[in-house]
Amino acid sequence: MVIKIVVLFLVGMGVLAMFGKLRYPGQQRIEAMKCPRCGRYRLGKAACDCNGKG
């Protein structure tokens, strides 16, 4: 019985891992909204606050 529970748990974890690898629609657009320099999200069309700072 315990082995059955462990096997079902591992199968469930594998299924969750497969769903975690999926790319959702719009994922590239969300990544493009990040600042390439600091990684923060940019709001609107203005430049990021990190520009010009070391």
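Shown above is the structure to which this text applies.
Structural notes, computed from the coordinates. Because the structure is predicted, anything quoted here is derived from the model rather than measured. (Residues numbered from 1 in each chain as written. Predicted model: local features only at pLDDT ≥ 70, side-chain atom pairs only at ≥ 80, totals over all residues. Heavy atoms only, no water.)

## Digging into a nonpolar patch on the surface
A contiguous nonpolar surface patch, about 690 Å² in accessible area, is contributed by Ile3, Val7, Val11, Val15, Met18, Phe19 and Leu22. Overall, Met18 belongs to the exposed group, its relative accessible area being 57%. (Patch = residues over 30% accessible without salt bridge, like charges linked within 9 Å, V, L, I, M, F, W, Y side chains within 5 Å. Areas by Shrake-Rupley, 256 points an atom, 1.4 Å probe, with all protein chains shown as cover. Salt bridge = Lys/Arg side-chain N within 4 Å of Asp/Glu carboxyl O. Buried < 20%, exposed > 50% of the residue type's maximum accessible area, 1.4 Å probe, protein only.)

## Section: helix α1 (residues 2–21)
Compared with an ideal rise of 1.5 Å per residue, which puts 20 residues at 28 Å, α1 spans 29 Å between its outermost C-alpha atoms and is within 8% of the ideal. Taken across its 20 residues, α1 has zero buried, putting it largely on the surface. (Helix = DSSP H or I, 4+ residues; strand = E, 2+ residues; numbered from the N terminus. Expected span 1.5 Å × (residues − 1).)

## Re the state of the cysteines
If you walk through the whole model with that rule in mind, you get zero disulfides. Cysteine Cys35 shares no disulfide, and the gap to the nearest cysteine sulfur, in Cys50, comes to 3.6 Å. (Disulfide = S-S within 2.5 Å.)

Function-wise, these values are silent; they only describe arrangement.
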